[in-house]
Amino acid sequence: MTLPQRMQTSAKGTYSGMLHCAGGILKNEGPLAFYKGTLTPLLGIGVCVSIQFGVLEYAKRIFTAQNLARGEGGEEGKMLGGGQLVIAGVAAGLANGVVSGPVEHIRIRLQTQSNTNPIYKGPFNAMKQIVSQYGIAGLFKGQAVTFLREATGYGVYFLAYEKLVQREMTQKGIRRDQINPMNSVLYGATAGYALWGVIYPIDMIKSRMQTDGFTPSTGQKYTSARDCVRKVWRTEGISAFTREISPFANGATFLGFEMASRLLYS
């Protein structure tokens with residue numbers, strides 16, 4: 001994730017594209033620079049995914065019970081409507097944001113700091129320094145934008161995936177556990193495109209906020225997320241909000257979820 005963060009937080013014209021960015025990092029900082037800040041997400045990703053799918057499935061069960069009571073959603077009430085899926089996804093995103101906010105904040109700080117004169121020695125040192133200087137609230141810098149990104153993104157993410165799954169089940173007259181695993185990967189990747197297409201501008205603002213100084217004396221540029229949007233728009237234009245949009249490993253995430261679900265409920 002070092003490349004997207006550098007692209008999002010660098011001034012306009014610093015890099016002509018992702019390859020130029022990668023080449024610059026490799027030349028100036030070496031191959032290990034691509035793995036800066038990876039320990040933090042590795043430690044937090046399991047918790048984040050567990051929260052996402054735990055809250056999602058809990059919300060889906062609630063809506064399924066409501067559908068059964070109203071005689072909707074098919075025989076078992078599990079064919080949820082678009083609104084129900086969006087609400088379930090938003091709830092999952094907000095719950096996930098509590099953990100992903102500080103995890104990503106620390107990761108971004110490590111990935112964008114100077115390689116020759118780093119401020120932080122690692123994720124735990126970064127957390128210690130930030131908390132000692134700015135309190136627990138310092139870890140949650142950019143949290144409001146994080147919640148907006150997670151709620152918007154996961155609302156779209158799970159809506160797209162579940163609707164693709166429902167479509168195949170309806171067209172082929174099959175159960176969920178009969179869907180080809182590779183189709184789960186394809187649907188997850190498609191949902192990933194939808195997610196990143198919607199949240200990338202929000203994610204860019206989040207990254208700018210989380211790499212900004214904590215106070216004017218430490219180089220603070222933005223007083224709020226709204227101020228960040230105004231200044232980036234004025235100085236860099238719309239291109240800053242769409243720079244190098246790309247989906248990530250969403251297909252693999254859903255494949256793991258579907259396989260685990262089949263194992264648990266078989």
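Here the residue index of a chain counts from 1 through its sequence in written order. Confidence filtering applies because this is a predicted model: local features only for residues at pLDDT of at least 70, side-chain atom pairs given and counted only at 80 or more, and all residues used for totals across whole chains, interfaces and linings. Side-chain metrics rest on all non-hydrogen atoms present in the structure, leaving aside hydrogens and water.

(A) How the structure looks around the overall build of the protein. Counting its secondary structure elements, the protein contains 10 helices and zero strands. Tracing the protein from N to C terminus, the helices and strands come up as α-α-α-α-α-α-α-α-α-α. Counting over 266 residues, the protein shows a buried share of 44%. In the protein, 72% of the contacts between residues at least 6 apart in sequence involve partners at least 24 apart. With residues, only the protein chains shown are counted as cover, and all accessible areas are computed by Shrake-Rupley using a 1.4 Å probe. Accessible surface, the protein as shown: approximately 13,600 Å² in total, 64% of it carbon and sulfur. Helix and strand definitions follow DSSP, with helices as H or I runs of at least four residues and strands as E runs of at least two, each counted in order from the N terminus. Throughout, exposure labels follow a simple rule: accessible area from a 1.4 Å probe, protein chains only, divided by the maximum for the residue type, with under 20% read as buried, over 50% as exposed, and the rest as partly exposed. Should any heavy atoms of two residues lie within 4.5 Å, those residues are counted as being in contact.

(B) Fine view of the pattern of salt bridges. Whenever Lys or Arg places a side-chain nitrogen within 4 Å of a carboxyl oxygen from Asp or Glu, that contact is recorded as a salt bridge. Per the stated rule, a full pass over the model turns up 15 salt bridges. Arg-149 is the partner of Asp-203 in a salt bridge, and the nearest nitrogen-oxygen pair spans 2.6 Å. Separated by 54 residues along the polypeptide, Asp-203 in helix α8 (residues 181-211) and Arg-149 in helix α7 (residues 143-172) bring together distant segments of the chain. We classify Asp-203 as buried; its relative accessible area is 3%.

(C) Main features of the nonpolar core. Counting 22 residues, the largest nonpolar core has Leu-56, Tyr-157, Phe-158, Val-165 and Leu-195 as its most contacted members. When residues of this core are traced back to their parent elements, those giving at least two are α3 (39-70), α4 (82-112), α7 and α8. Ranked by residues supplied to this core, first place goes to α7 with seven residues. In terms of nonpolar packing, the next biggest core, distinct from the first, is built from 10 residues, Ile-202, Met-209, Tyr-222 and Cys-228 among them. Throughout, nonpolar core names a set of buried Ala, Val, Leu, Ile, Met, Phe, Trp, Tyr and Cys residues whose side chains join them through atoms within 4.5 Å.

(D) Representation of the environment of His-105. By secondary structure assignment, the location of His-105 is in helix α4. What makes His-105 buried here is its relative accessible area of 0%. For the pair His-105 and Met-127, spaced 22 residues apart in sequence, the C-alpha separation works out to 9.7 Å. Contacts of His-105, omitting those with residues within four sequence positions, involve Ile-130, Gly-138, Leu-139, Lys-141, Gln-210 and Phe-214. Polar side-chain contacts of His-105 include one of 3.3 Å to the backbone oxygen of Gly-138. Of the polar contacts made by the side chain of His-105, one reaches the backbone oxygen of Leu-139; its length is 3.0 Å. Throughout this description, a polar contact denotes any pair of N or O atoms lying within 3.5 Å of each other; where both atoms belong to protein, one of them has to be capable of donating a hydrogen while the other can accept it, and for residues adjacent in sequence the pair is counted only when both atoms sit in side chains.

Fair warning: the whole summary comes from geometry, so function is off the table for now.
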